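Below are the chains, spelled out letter by letter.
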Amino acid sequence: DPFDDRREDQRLAFGRLYARYARRGGGLAVQATAWVGVDETVATTSTGPVRTATQAATPSVGARAWVRHRLSSTWALQTGVDALVSSSTLARLGSLALPPREGDRAVFGAVPADDENADRWATLLADVAPFVTADVTWGAWTVSPGLRVDGWALSASRKTPRVGTTPSIGTTRLAFTPDPRVAVLWKAAPWLSLRAAGGLYHQPPPVADTSAVFGAPTIGLERALHLSGGGQARVVDGPGAVDVDVTLFYRLADGLVTRVPSSQPPLAGALANDGVGVAAGATLSVRRALGEDGAFGWLAYTLSRSVRQDDVTAVYRLADFDQTHVLTAVAAAPLGPVVASLRARAATGMPRPPVVGAVYDARRDRFEPVLGPHNTSRLPPFFQVDARVEHTLVVAPFAVDLSLELLNITLRDNAEEVVYDADFTDRAFVTGVPFLAVAGARVRF
């Protein structure tokens, strides 16, 4: 039945051109990087004859420059500035709830509601952020306080939805966010170092959320407090040294952009900065440095939990991208003129809302799913093994790095989404690409 055909297509194209300058010597280090780029995204979802589409094109330019000066054996000071300017043109057609955003209780292929609309708009983001960091060393202790001050300019071309031929009225907001940060390092022994760090961070809302029809042009910045602590111990010294690293982390984010919990949200206010997120966990890694045999590798395991609260009246739930267990192993060694490596990855499946039943909608001749508690089921676990070979050709003054990656060499069908039949009584999985080969080249001079 063509009315039961369900498709989703996502495309991403991007390009970057970087220029970098660096100089060191005499207790002074200088580095500057400038870049230009463009990003283009297209996302289309079709459920029978109902189609939703989102398009965005974002050219951008940015720069980062810093100077680090060693004032004495005890003091070092680094000052610099980050700058970013990006301009986006966007178009969206379809339902308010498609494509779904983080926190939506959605099922792939469900028929969208009868709330179709369309919008075209543009945004401008400018961010200039001077920063300063000091390193103060007393014996085995190093304390690194820092401060970053972002000056934001956020602009949207439409403050309210388009009505007839009414001229567009835009909106521009200015904001300043001081973000203090500090890190402490203690060399407890020649083979053991302990560390702790914390700081505030801000980021702008996604440009796709600034639509006057589907989002809110005046949504503000998102903020997060990051805390971490841990240590590193060298258990094997010399060439091919082996280090064991343990890190505990905690992140508290607020002002997250979430959907307003109302069937009739205010005009140009379908989204708000009401979300709260908490992520906490620990990472254990074992690394073998490059040895005389040319081999190196590492094994890393992360145990984490990420939860969200969409507004003050909601209970905490698992975040859509929560993964309790993540395991990664990498091993590399020279084989003749090339360096070959293997990578194995395993992870807990992403959370999804369970379907516990269905009801028949006679008006639209469709079944609607009945969902259970949000994000209380998961996709099957992810597992993938990748291989890579690389070789460097030197033709003075150029060096060309050639690489070939073979992704998913075990041909495992990893689930990326759940798909149900027309009456939601049976299900299957949408799986990722079973195998992919990627060739690359990088030229250095």
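Bear in mind that the values here come from a model prediction, so they are computed numbers and not experimental data.

*Asks:* Help me out: how do you make sense of the overall build of the protein in this one?
*Replies:* The number of helices and strands found in the protein is zero helices and 24 strands. Counting only C-alpha atoms, the protein reaches 75 × 50 × 50 Å along its principal axes. When burial is assessed residue by residue, the protein has 35% of its 445 residues classed as buried. Restricting to contacts in the protein with at least 6 residues of sequence separation, those with at least 24 account for 61%. Of note, the protein has its 44 positive side-chain charges centred 7 Å away from the centre of its 44 negative side-chain charges.

*Asks:* What should I look at first to understand unusual backbone geometry in this one?
*Replies:* Trans is the prevailing form of peptide bonds, just as negative phi is the prevailing case for residues other than glycine. That bond from Ala 396 to Pro 397 is cis: its omega, 5°, falls within 30 degrees of zero. Structurally, the position occupied by Pro 397 is in the loop between β20 (382-395) and β21 (398-407). Phi at Leu 411 is positive, roughly 60°, even though this residue is not glycine. By secondary structure assignment, the location of Leu 411 is in the loop between β21 and β22 (415-420). Even without being a glycine, Phe 424 presents a positive backbone phi close to 60°. Residue position: Phe 424 is located in the loop between β22 and β23 (427-431).

*Asks:* Where do I start with the environment of Gly 281 in this structure?
*Replies:* Turning to its location among the elements, Gly 281 is positioned in strand β11 (residues 271-288). Sequence separation between Gly 281 and Leu 248 is 33 residues, and the spatial gap between their C-alpha atoms is 6.0 Å. Contact partners of Gly 281, with chain neighbours within four places excluded, come to Thr 247, Leu 248, Phe 249, Leu 303 and Ser 304.

*Asks:* How should I be thinking about a nonpolar patch on the surface in this particular structure?
*Replies:* Residues Leu 17, Val 36, Val 61, Val 85 and Leu 124 make up a contiguous nonpolar surface patch of about 410 Å² in total accessible area. Residue placement: Leu 17 occurs in strand β1 (residues 6-25). Here Leu 17 falls in the exposed class, since its relative accessible area comes to 59%.

*Asks:* Sorry, what's going on with the packing of aromatic side chains here?
*Replies:* Working definition: an aromatic ring pair is given by the centre-to-centre distance plus the angle between the planes. Throughout the structure, instances matching the rule amount to four aromatic pairs. Each ring, one from Tyr 420 and one from Phe 424, has its centre 5.7 Å from the other, and the planes form 40°; the classification is tilted. Here Phe 424 falls in the buried class, since its relative accessible area comes to 9%. Here Arg 287 stacks its cationic end above the ring of Trp 298, 5.1 Å away from the centre of that ring.

*Asks:* Any chance you could explain the confidence of the model for the protein here in plain terms?
*Replies:* As a general rule, the predicted coordinates of low-pLDDT regions are not to be interpreted in detail. Averaged over all residues, the pLDDT of the protein is 91; the fraction at 70 or higher stands at 99%. Ranking the elements of the protein by mean pLDDT puts strand β18 (residues 366-371) last, at 88, and strand β8 (residues 192-203) first, at 97.

*Asks:* Even after reading the chapter, I still don't get the pairing of strand β12 (residues 296-309), so can you show me in this structure?
*Replies:* Across 13 bridges, β11 lies against β12 in antiparallel orientation. Its bridge partner being in β12, Ala 280 is matched across the sheet by Arg 305. With eight bridges connecting them, β12 and strand β14 (residues 325-335) associate as antiparallel partners. Note that in β14 the partner of Gly 297 across the bridge is Ala 331.

*Asks:* How should the environment of His 69 be read in this particular structure?
*Replies:* Assignment of secondary structure puts His 69 in strand β3 (residues 50-70). For His 69, a relative accessible area of 36% translates into the label partly exposed. Residues His 69 and Gly 25, spaced 44 residues apart in sequence, show a C-alpha to C-alpha distance of 10.0 Å. In this structure His 69 touches Gly 27, Leu 28, Ala 76 and Leu 77, once residues within four positions along its chain are discounted.

*Asks:* Honestly, the layout of surface pockets in this entry has me stumped. Any pointers?
*Replies:* Where empty space is left in the structure can be found by rolling a water-sized probe over the atoms. Estimates place the volume of the second largest pocket at around 230 Å³. Taken together, 18 residues line the second largest pocket, and the ones lying closest to its centre are Thr 133, Gly 146, Arg 181, Val 182 and Tyr 201. Looking at the lining of the second largest pocket, the elements with two or more residues in it are β4 (75-94), β5 (117-138), β6 (141-156), β7 (171-189) and β8. Considered class by class, the residues forming the lining of the second largest pocket number seven nonpolar, seven polar and four charged.

*Asks:* Is there a simple way to explain the side chain of Asp 82 in this structure?
*Replies:* Secondary-structure assignment places Asp 82 in strand β4. At a separation of 2.7 Å, a polar atom in the side chain of Asp 82 contacts the side chain of Arg 64. Within polar-contact distance, the side chain of Asp 82 engages the side chain of Arg 148 at 2.7 Å. Each residue touching Asp 82, except ones within four places of it in the same chain, is listed here: Ala 63, Arg 64, Asp 127, Val 128, Ala 129, Phe 131 and Arg 148.

*Asks:* Is there a simple way to explain the pattern of salt bridges in this structure?
*Replies:* Where charged atoms from two side chains of opposite charge approach closely, those side chains can pair. Evaluation of the coordinates by the stated rule reveals 26 salt bridges. The salt bridge involving Arg 16 is made with Asp 39; its shortest N-O contact spans 2.9 Å. Residue Arg 16 is found in strand β1, and its partner Asp 39 is found in strand β2 (residues 28-47); the two are separated by 23 residues along the sequence. Here Asp 39 falls in the partly exposed class, since its relative accessible area comes to 22%. Note that Asp 243 is salt-bridged to Arg 234, the shortest N-O span being 2.8 Å. Take Arg 234: its relative accessible area is 37%, and that puts it in the partly exposed class.

Calculation notes
Residues numbered from 1 in each chain as written. Predicted model: local features only at pLDDT ≥ 70, side-chain atom pairs only at ≥ 80, totals over all residues. Heavy atoms only, no water. Helix = DSSP H or I, 4+ residues; strand = E, 2+ residues; numbered from the N terminus. Buried < 20%, exposed > 50% of the residue type's maximum accessible area, 1.4 Å probe, protein only. Contact = heavy atoms within 4.5 Å. Lys, Arg positive; Asp, Glu negative; His and termini not counted. Charge placed at Lys NZ, Arg CZ, Asp CG, Glu CD. Patch = residues over 30% accessible without salt bridge, like charges linked within 9 Å, V, L, I, M, F, W, Y side chains within 5 Å. Areas by Shrake-Rupley, 256 points an atom, 1.4 Å probe, with all protein chains shown as cover. Salt bridge = Lys/Arg side-chain N within 4 Å of Asp/Glu carboxyl O. Phe/Tyr/Trp six-rings, centres within 6.5 Å; stacked < 30°, edge-to-face > 60°. Lys NZ or Arg CZ within 6 Å of the ring centre and 35° of its normal. pLDDT = per-residue confidence, 0-100. Pairing = 2+ DSSP bridges. 1 Å grid on protein atoms, 1.4 Å probe; cavity = no way out; pocket = protein on both sides within 12 Å on 5 of 7 lines; lining within 4 Å. Points joined across faces, edges and corners; volume = space filled by probe spheres on them. Nonpolar A, V, L, I, M, F, W, Y, C, P; charged D, E, K, R; others polar. Polar contact = N/O pair within 3.5 Å; in protein donor to acceptor, adjacent residues only side chain to side chain.

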